[in-house]
Amino acid sequence: MRVGTVKEIKNHEYRVGLTPESVRELVAHGHEVWVETGAGSGIGASDEDYRAAGGTIKPTAAEIFAECEMVVKVKEPQAVERAQLRKGQILYTYLHLAPDPEQTADLVRSGVTAIAYETVTGVDNSLPLLKPMSQVAGRMSIQAGATALEKANGGRGVLLGGVPGVLPAKVVVIGGGVVGFNAAQMAVGLGADVTILDRDPGVLERLDSHFEGRARTLYSGRAALAAEVAEADLVIGAVLVPGAAAPKLVTRDMLKTMKPGAVLVDVAIDQGGCFETSKATTHAEPTYVVDGIVHYCVANMPGAVARTSTYALNNVTLPHALRIADMGWKAALKANPHLAAGLNVHEGQITYEAVAGDLGYDYVPTESLLG
Ligand SMILES: NC(=O)c1ccc[n+]([C@@H]2O[C@H](COP(=O)([O-])OP(=O)(O)OC[C@H]3O[C@@H](n4cnc5c(N)ncnc54)[C@H](O)[C@@H]3O)[C@@H](O)[C@H]2O)c1
């Protein structure tokens, strides 16, 4: 199959769909890979790196959209990209269609076969192509919080790990899923005093047995949460209620109970945020202060570490890309129901029930297309 990847054009997107290593794998499987010039510049991968991996460098994205049977990307196609998609072509990328009627209409019109990273499932009904970005954001949240705690950045001037003779900072992680677990790991590693709150007894049990006392777990009731937040130097918001906006667990009133210069990092900001006073920020200006409390609410945290994020993403997207290229999309989806869950649009039909329901399209089950 002829597979292509293009330079991402969404604002401040530095990741790329295929690393040179992924290109090498596809080429080893007998495929031809076209790469737009400069596609890897955001992760430090040059055209020469892609050529050395067996890729063919093309001067424009247009050639890739016109000639490649599958296009592998990171972000949803932008309007100018969508105009170049066509019937008989496979698009493999993050799409997030449900809140995006414009993009959905364009994909339907184009006739493209669109497989969305975010709906591909794993054995335990997890979402393995979303997981690495949560891992990145969770780990980064502690770095971001530690920086915001520095005096010059408006923080209370506290070092997370303390030093001999001085107590470490108190870190409270709300939500012990993928983001929360990775945040807690980093905070524990730095020597902070860590408490993780969650509502799921299974999650609390897993965390408790993993950390063996190096982080405490606590059921996330209102009173417990308020008491922990009041004592915290750094609070990480990492809750997720699937399919819903994040619950506002830290209210504006609670900020008054906190220590001046304490820091809130709201990783759940992409779902509306779990602090009442959160509003989305950017890497260019990541923090702001409300009632003396520093807020960090960057919605696309993994973008700041584009190289790590790209490699983490390719680790989980490449095996399916190889399957699709080796077998063709239909046989690959038929052989692998987890990959089949990724099909969102095919030749003008919506094959993902929630997207069809939310946006008022007829739903065509993927199985009915696979024969
Ligand atoms: N800002 C970013 O760049 C970025 C990057 C990746 C993920 N995220 C977001 O981070 C959030 C967390 O993602 P995840 O992958 O860790 O999800 P996850 O499903 O693995 O974990 C969420 C956890 O929240 C817990 N929870 C739900 N309600 C709670 C409550 N009231 N109190 C305490 N815990 C509660 C759940 O039991 C679960 O363990 C999501 O909103 C995700 O979209 C943001």
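Here the structure is a predicted model, which is why all the values come from computation and not from measurement. (Residues numbered from 1 in each chain as written. Predicted model: local features only at pLDDT ≥ 70, side-chain atom pairs only at ≥ 80, totals over all residues. Heavy atoms only, no water.)

A few points about the sheet that holds strand β4 (residues 70-72)
Hydrogen bonds along the backbone pair up the strands of a sheet, which may run parallel or antiparallel. The criterion, for reference: At least two bridges found by DSSP between two strands are what make those strands a pair. A run of H or I in DSSP counts as a helix once it spans at least four residues, and a run of E counts as a strand once it spans at least two, with each numbered from the N terminus. Throughout, a contact is declared for two residues whenever any of their heavy atoms are within 4.5 Å. Axis definition: a line fitted to C-alpha atoms, limited for helices to the stretch in contact. Angles are taken between N-to-C directions and run from 0 to 180 degrees.
Spatially, the eight strands line up as an open sheet ordered β3-β2-β1-β4-β5-β6-β14-β15, and their pairing is mixed. A strand with exactly one partner marks an edge of an open sheet, and here the two such strands are β3 (56-58) and β15 (349-350). Across three bridges, the pairing between strand β2 (residues 32-36) and β3 is parallel. Considered in β3, the bridge of glutamate 36 is made with lysine 58. Those strands touched by helix α11 (residues 306-327) are β1 (2-5), β4, β5 (90-93) and β6 (113-116), and its axis lies near 170 degrees from that of β5.

A short note on the UniProt feature "binding site: substrate" (unreviewed entry) in the chain
As a reminder, the rule being used: UniProt positions are given in the numbering used here, feature names are shortened, and annotations may be inferred rather than shown by experiment. Note on exposure labels: buried denotes an accessible area under 20% of the residue type's maximum, exposed denotes more than 50%, and partly exposed covers the range between, all computed with a 1.4 Å probe on protein chains only. What qualifies as a polar contact is a pair of N or O atoms within 3.5 Å, subject to a donor-acceptor requirement within protein and to the restriction that residues adjacent in sequence count only when both atoms come from side chains.
UniProt annotation of "binding site: substrate" (unreviewed entry) refers to Arg15 and Lys75 when read in the numbering used here. Spanning 61 residues, the named residues form one tight spatial group whose C-alpha atoms are at most 8.8 Å apart. Inspection of the secondary structure puts arginine 15 in the loop between β1 and α1 (20-28). Arginine 15 gets classed as buried once you look at its relative accessible area, which sits at 6%. Setting aside anything within four residues of it in sequence, one finds arginine 15 in contact with Glu8, Ile43, Val74, Lys75, Tyr94, Met133, Ala306, Ser309 and Thr310. Polar contacts involving the side chain of arginine 15 include one to the side chain of glutamate 13, which spans 2.8 Å. With relative accessibility at 19%, the residue lysine 75 sits in the buried group. In this structure lysine 75 touches Glu8, Lys10, Glu13, Arg15, Thr93 and Tyr94, once residues within four positions along its chain are discounted.

Some remarks on the sheet that holds strand β12 (residues 287-290)
The strand order across the open sheet built from seven strands is β9-β8-β7-β10-β11-β13-β12, with neighbouring strands paired in mixed fashion. Across the chains shown, the open sheet's two edge strands, defined by having one partner strand only, are β9 (215-219) and β12. The average undirected angle you get between the axes of adjacent strands in this sheet is 20 degrees. Relative to strand β13 (residues 293-296), strand β11 (residues 263-266) runs parallel, the two being bridged by three bridges. Pairing of valine 265 across the sheet is with tyrosine 296, part of β13. Sheet contacts for helix α7 (residues 178-189): β7 (170-174), β8 (193-198), β9 and β10 (234-237); angle to β8, the most-contacted strand, approximately 170 degrees.

Considerations on the environment of arginine 307
With respect to the helices and strands, arginine 307 occurs in helix α11. According to the relative accessible area criterion, arginine 307 is partly exposed, its value standing at 44%. In the structure, arginine 307 is positioned 264 residues away from isoleucine 43 in sequence and 4.5 Å away in space, judged by C-alpha atoms. When residues no more than four places from it in sequence are discounted, the contact partners of arginine 307 are Ile43 and Gly44.

Describing the site of the ligand
How we decide: Think of it this way: one heavy atom of a residue within 4 Å of a molecule or strand is enough to make that residue near it. Think of it as three bins: nonpolar holds Ala, Val, Leu, Ile, Met, Phe, Trp, Tyr, Cys and Pro, charged holds Asp, Glu, Lys and Arg, and polar takes everything else, Gly as well.
The environment of the ligand is formed by 28 residues, the closest being Ser134, Val179, Asp198, Asp270 and Met301. Measuring from an oxygen atom of the ligand, one finds a side-chain N or O atom of aspartate 198 at 2.6 Å. Measuring from a nitrogen atom of the ligand, one finds a backbone N or O atom of valine 267 at 3.0 Å. Listing elements by their share of the shell around the ligand, those giving two or more residues are α6 (131-148), α7 and β8. Looking at side-chain class alone, the shell around the ligand contains 17 nonpolar, seven polar and four charged residues.

Quick word on the layout of surface pockets
Keep this limit in mind: Cavity means a closed set of points on a 1 Å grid over the protein atoms alone, one where a 1.4 Å probe fits but cannot get out, pocket means an open set with protein on both sides within 12 Å along at least 5 of 7 lines, and lining means a residue has an atom within 4 Å of a point. Grid points are joined across faces, edges and corners, and a volume is the space filled by probe spheres set on the points.
Put simply, the second largest pocket is a space of about 190 Å³. In terms of lining, the second largest pocket is formed by Arg199, Ser220, Gly221, Arg222, Leu225, Ala226, Lys248, Leu249, Thr251 and Met254. Here the lining of the second largest pocket gets three residues from one element, more than from any other, and that element is helix α9 (residues 222-231). Across the lining of the second largest pocket, the residue classes break down as four nonpolar, three polar and three charged.

Quick notes on the nonpolar core
Condition: By convention a nonpolar core is built from buried Ala, Val, Leu, Ile, Met, Phe, Trp, Tyr and Cys residues, the set being connected through side-chain atoms within 4.5 Å.
Formed by 41 residues in total, the largest nonpolar core has its most connected members in Leu26, Met70, Tyr92, Ile115, Ile324 and Leu333. Secondary-structure elements contributing two or more residues to this core are α1, β2, β4, β5, α11, α12 (329-335), α13 (337-340) and α15 (367-370). In terms of residue count, α11 provides more of this core than any other element does, eight residues in total. Other than its neighbours up to four places away in sequence, leucine 333 contacts Ile115, Leu339, Ala340, Leu343, Thr366 and Leu370. One finds Ala144, Ala192, Ile236 and Val263 within the second-largest nonpolar core, a separate group that totals 32 residues.

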